[in-house]
Amino acid sequence: MKFLGLLLVCMSVWSSAIQAQTSSNEPETVVLTIRDVIERNALWFEAEGSKAAVLAHQSGATAKSWAPFAEKLQSQNIASIATSGISGEDIEAAVDFLTGKGFEDITLIGASLGGGGVQQAVANLPSGRIQKVILLAPSPGKALANPETEKLFIYTRQDFYRSRAVQAFEKAAEPKTLLELPGSLHAQDMLSGPHAKLLDQVIARFILD
């Protein structure tokens, strides 16, 4: 287990590279099929690299809420798909979409209730299908028990979801990393808050390493 504090500010500055690059790729609306019955739209942010992410939003948000962050991932040649639903089945359908596109290195990123969906999806998917998981102040869910999947948990110290995030972290198997930030911003709100540049660095590096 690793605990990452604010000393991460001293890491190599990736945010400058992210800001220096802008993506001209507009998201494409695609349809994901669940159990061959249910169809739901998702936003596909294409990129040229070999790594891709599934983005599951928090309650009250939409797939579009991920757009600014997804564009930063594009600037690092990381493709992503933002789901409109946040159940485990929605996320599994997004993984199937990425697999169909030829991606083998897939990261799941879930915020709050979307994090609960991510935990459910990982429990349902075959071992080794998901390389990495990033949870932003996640709700409790199925334990991330697979030792082949790297796990990163991020939350703020005064977040009302803090205890739930810690519970999810404690249930998870190694390898796992915990990052606690000052403040009270919840889940996706952290990505546009005062520590946004730090999170850009941490998340991009976690995916690319």
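Right above here is the structure, for reference.
Everything in this summary refers to the structure shown in the same document. It should be emphasised that the depicted structure is a prediction, and the values quoted were computed from it without experimental measurement. (Residues numbered from 1 in each chain as written. Predicted model: local features only at pLDDT ≥ 70, side-chain atom pairs only at ≥ 80, totals over all residues. Heavy atoms only, no water.)

**A short note on the pattern of salt bridges**
For the record, the criterion: The salt bridge definition used is simple: a Lys or Arg side-chain nitrogen within 4 Å of an Asp or Glu carboxyl oxygen. Think of it this way: any DSSP run of H or I at least four residues long counts as a helix, any run of E at least two long counts as a strand, and we number them from the N terminus. Here the term buried applies to any residue with accessible area under 20% of the maximum for its type, exposed to any over 50%, and partly exposed to those in between, with areas from a 1.4 Å probe on protein chains only.
Enumeration according to the criterion identifies eight salt bridges in this entry. Here Arg 35 and Glu 89 are joined by a salt bridge, their closest N and O atoms 2.7 Å apart. With Arg 35 in the loop between strand 2 (28-34) and strand 3 (38-45) and Glu 89 in helix 3 (residues 88-100), this residue pair connects regions lying 54 residues apart in the sequence. A relative accessible area of 54% means that Arg 35 is categorised as exposed. With a closest N to O distance of 2.7 Å, Asp 105 and Lys 51 form a salt bridge. Linking Asp 105 in strand 6 (residues 105-111) with Lys 51 in strand 4 (residues 51-56), this pair joins segments that are 54 residues apart in sequence. Taken individually, Asp 105 and Lys 51 each receive the classification buried, so the pair is uniform in this respect. Via salt bridges that share partners, Arg 157, Arg 162 and Glu 180 belong to a single interconnected network.

**Side note on unusual backbone geometry**
Apart from glycine, the bulk of residues carry a negative phi angle, and the bulk of peptide bonds sit in the trans form. Cis geometry marks the peptide bond from Glu 174 to Pro 175; its omega dihedral reads 0°. Locating Pro 175 in the fold gives a position in the loop between helix 5 (162-171) and strand 9 (176-181). Despite not being glycine, Arg 35 shows a phi value in the positive range, around 55°. Even without glycine at this site, Ser 112 takes up a positive phi of about 55°.

**Re the pairing of strand 9**
Put simply, the test is: DSSP bridges decide pairing: two strands pair if at least two such bridges lie between them. Assignment of crossover handedness uses the view with strands pointing away from the viewer, where a clockwise path from the first strand over the helix to the second indicates a right-handed crossover.
Among the six residues of strand 9, six are classified as buried, and the element is accordingly described as predominantly covered. Across the two faces of strand 9 the burial is the same, with Lys 176, Leu 178 and Glu 180 and Thr 177, Leu 179 and Leu 181 all buried. Summarising the sheet, strand 8 (residues 150-156) and strand 9 pair through six bridges and their orientation is parallel. The partner of Phe 153 across the bridge, within strand 9, is Leu 178. You can see the chain leave strand 8, run along helix 5 and come back into strand 9, and the turn it takes is right-handed.

**Some details on helix 6 (residues 196-208)**
Under the convention used in this document: By definition here, a helix of n residues has an expected span of 1.5 Å times n minus one.
With 13 residues, helix 6 should cover 18 Å at 1.5 Å per step; its first-to-last C-alpha distance of 18 Å lies within 8% of that length. Burial within helix 6 is extensive, with 10 of its 13 residues counted as buried. Regarding helix 6, the residues found buried are Ala 196, Leu 198, Leu 199, Asp 200, Gln 201, Val 202, Ile 203, Ala 204, Phe 206 and Ile 207.

**Brief notes about the packing of helix 3 against helix 4 (residues 113-124)**
Quick reminder of the rule: Axis lines are fitted through C-alpha atoms, for helices just across the contact stretch, and the angle between N-to-C directions can take any value from 0 to 180 degrees. Note on convention: the crossing is left-handed when the near helix lies turned anticlockwise from the far helix by less than a right angle, right-handed when the turn is clockwise. The contact criterion used throughout is that any non-hydrogen atoms of two residues lie within 4.5 Å. Classification used: nonpolar for Ala, Val, Leu, Ile, Met, Phe, Trp, Tyr, Cys and Pro, charged for Asp, Glu, Lys and Arg, polar for all others including Gly.
In the contact formed by helix 3 and helix 4, the axes pass within 7 Å of each other and the chain directions differ by 65°. As for the relative orientation of helix 3 and helix 4, their crossing is right-handed in sense. Taking contact as the criterion, the partners of Gly 88, Ile 91 and Glu 92 in helix 3 are, on helix 4, Gly 114, Gly 117, Val 118, Gln 120, Ala 121 and Asn 124. Residues belonging to the contact of helix 3 with helix 4 are distributed by class as follows: three nonpolar, five polar and one charged.

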